[in-house]
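Residue-level listing of the chains:
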Amino acid sequence: MTASSLRLRAGLVSIVLLAAFLGIWHLATRSAAPVATMSPEYAKLMGLTATQGKSAMPGPLDVGAKLWEHLKRPFYDNGPNDKGLGIQLAYSIARVGTGYLLAVLVAIPLGFLIGMSPLLSKALDPFIQVLKPISPLAWMPLALYTIKDSSISAIFVIFICSIWPMLLNTVFGVASVRKEWINVARTLEVGTIRRAFTVILPAAAPTILTGMRISIGIAWLVIVAAEMLVGGTGIGYFVWNEWNNLSITNVIIAILLIGIVGMLLDQILARFTRMVTFPE
Amino acid sequence: MTDKFVSIEGIAKRYPGAGGATTTVFENLWLSMPRGEFCCVIGHSGCGKTTVLNILAGLDAPSEGAVIVDGQAISGTSLDRAVIFQSHALLPWRTVLGNVAYAVSSKWRSWDRAKVKAHAQTFIDLVGLTGSEHKRPSELSGGMKQRVGIARALSITPKMMLMDEPFSALDALTRGTLQDEVRRICLETGQTAFMITHDVDEAIYLADKIFLMTNGPGAVLAEVVENPLPKDRGRTDLHRHPLYYALRNHIIDFLVTRSKTFAAEKPGHDPRNVPVVHIGKPGLTVASDAKPEPLKETSWPSLSRPSTSS
């Protein structure tokens, strides 16, 4: 069996599974026979759920039609409560990007320092151990109170949740660079700065990138919850707003898009990881 | 020994042991090497050979004593002393050329890229890796990796080379070829070399002097054995030299029995005046009881005519 035939068969199974899922979903939510006879005026008020026995849960066709509508006009802006999905996603991605980049800027240099200094490593360990398991949303009230800006508070929450995996992986990666590579640099009288960039950074890069990949996943998980809290804009706010509108169709569409964007972010980091990974 | 290029003067290495006690790996170790000589150290694991080498390299500091190289006490590592590591220690994210160029550019910071590359290429050619410059270490065999390690060490034109069992991880055939290469390069460049080995034949083939160390902890340098084999010895007829087996037996006897009992046997051993053993020379005793066999076979080729080794 060649690899390509395996991939082909796996793809086929995936399509079959998707079709089965959509089929069951469609059957489960389709309209049944009219449940009761009533005057047309009353029926109009009650809607299809009461008159046709239609499930309140939208079927795949409803979701598809609505999704197509969204895809045709991703960037419309009809005021605070009615913006295109593209705009909402762009807000979320921008928040995640800002908070995440700030975390990269802090975690990697700090991780380098901690990894290279056993003293700092021991001294900071209790703080990291206590701060790491705190749910990022627990910081939200404190952030809102001190920063006094909901949008920046959301960015702060992303920052604080994505810093830990990166920091810990950088520390671990830097501290576990093989002694022999360090010795090579030492026998060549390579200075500390040059050693950090030519030996430690490339040696620790795969571990650091793995931490960054974990972080972006967590950041994308957290942004939805954070935006539900702070409101205003973003895909998390959109989900909550559509729940308040009782538009399950839109909620399902948002869930789908959150998944796809999360996957793309992960794939981007996976590609970077592959770029810095070296075979031994 | 008038010309002391390397002089190890009374070094010791101690580690804090359990319960406040200190473990002494070795102490009061004196050793000297003239310029251009190839010296091998043989001893069992745990006798501190690698520590001695690391101290010479500057990777480790002695607890006591000093090391003088070329008239200067060493402190820390130096580009004058290149190390060939047992595990080759190539940087896996760099190519062959990149690994050698890293060393070259570390020594000559002001050189431009082209000059560094040309210099690195010279040494890659020297170890016979022409054509593999752009391969990564993972694409190379063990022997080729160690060749890169040798090229990297030589490329900085060091005053001496330090080798920590450089060939122990290689198969016998590759090891032989690399020994030939190292021997050729050291003879051509007049390199001073200090090598740790477990392989008696490797020491006999390569070394001018063989340092025998007793077992640790509390290891001492027991004897310095002068290699009686001619400088132009060849691998193929090495074992036909009349003194080959005497030398080999002496070293093996030492490793098998005397390395354990040496301290008890020689209570008056003076670490500053380690006996020099000249195998087979009349008037100088071989320290072991196993006397070399009387020499019946005297048709060693190189004694009558120039070496036939290729």
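Residues numbered from 1 in each chain as written. Chains lettered and ligands numbered in written order. Predicted model: local features only at pLDDT ≥ 70, side-chain atom pairs only at ≥ 80, totals over all residues. Heavy atoms only, no water.

**Looking at the nonpolar core**
- One finds M212 of chain A together with F38, F194, F211 and I251 of chain B to be the most contacted residues of the largest nonpolar core, which totals 156 residues.
- In terms of residues, this core owes the most to one element, helix α10 (residues 192-230) of chain A, which gives 16 residues.
- The contact partners of F194 of chain B, leaving out residues within four places of it in the chain, are L31, M33, C39, V41, V52, L53, L56, M160, M161, L162, M163 and F211 of chain B. (Core = buried A, V, L, I, M, F, W, Y, C linked by side-chain atoms within 4.5 Å. Buried < 20%, exposed > 50% of the residue type's maximum accessible area, 1.4 Å probe, protein only. Helix = DSSP H or I, 4+ residues; strand = E, 2+ residues; numbered from the N terminus. Contact = heavy atoms within 4.5 Å.)

**Section: the UniProt feature "transmembrane region" (unreviewed entry) in chain A**
Residues and elements named next belong to chain A.
- The sites that UniProt annotates as "transmembrane region" (unreviewed entry) are residues 99-120, 153-177, 218-240 and 246-265.
- Along residues 153-177 the backbone is 92% helical and 0% strand, and the end-to-end C-alpha distance reaches 36 Å.
- End-to-end, the C-alpha atoms of residues 218-240 are 20 Å apart, and along that stretch the chain is 83% helix and 0% strand. (UniProt positions renumbered as here; feature names shortened; annotations may be inferred.)

**Description of the sheet that holds strand β7 (residues 160-164) of chain B**
Residues and elements named next belong to chain B.
- Ordered by their spatial adjacency, seven strands build an open sheet running β6-β7-β8-β3-β9-β10-β11, and the pairing between neighbours is mixed. One side of each edge strand has no neighbouring strand; the edge strands of this open sheet are β6 (81-84) and β11 (276-278). The sheet shows a mean angle of 20° between the axes of neighbouring strands, taken without regard to direction.
- Two strands pair when backbone bridges link them, and strand β9 (residues 209-213) and strand β10 (residues 221-226) are joined in this way by five bridges, in the antiparallel orientation. (Pairing = 2+ DSSP bridges. Axes fitted to C-alpha atoms, helices over the stretch in contact; angles between N-to-C directions.)

**Some remarks on unusual backbone geometry**
- Positioned with a positive phi, E189 of chain A is a non-glycine residue whose angle comes to about 55°.
- By the element assignment, E189 of chain A lies in the loop between α9 (179-187) and α10.
- Although it is not a glycine, E165 of chain B adopts a positive phi angle of roughly 40°.
- Look at E165 of chain B and you get buried, because its relative accessible area is 12%.

**Here's the deal with the UniProt feature "domain: ABC transmembrane type-1" (unreviewed entry) in chain A**
- UniProt records the feature "domain: ABC transmembrane type-1" (unreviewed entry) at residues 89-269 of chain A, using the numbering of this structure.
- Helix and strand shares over residues 89-269 of chain A are 86% and 0% respectively, and the end C-alpha atoms of the span are 19 Å apart.

**Points about the interface of chain A and chain B**
- Listed as interface residues are 18 residues of chain A and, on the opposing side, 22 residues of chain B.
- Roughly 1,900 Å² is buried in total at the junction of chain A and chain B, and carbon and sulfur atoms are behind 63% of that figure.
- Counting across the interface, chain A meets chain B through zero salt bridges.
- If you look at where chain A meets chain B, you find nine residue pairs in polar contact (both at pLDDT 80 or more). (Buried area = accessible area lost by both parts, 1.4 Å probe. Salt bridge = Lys/Arg side-chain N within 4 Å of Asp/Glu carboxyl O. Polar contact = N/O pair within 3.5 Å; in protein donor to acceptor, adjacent residues only side chain to side chain.)

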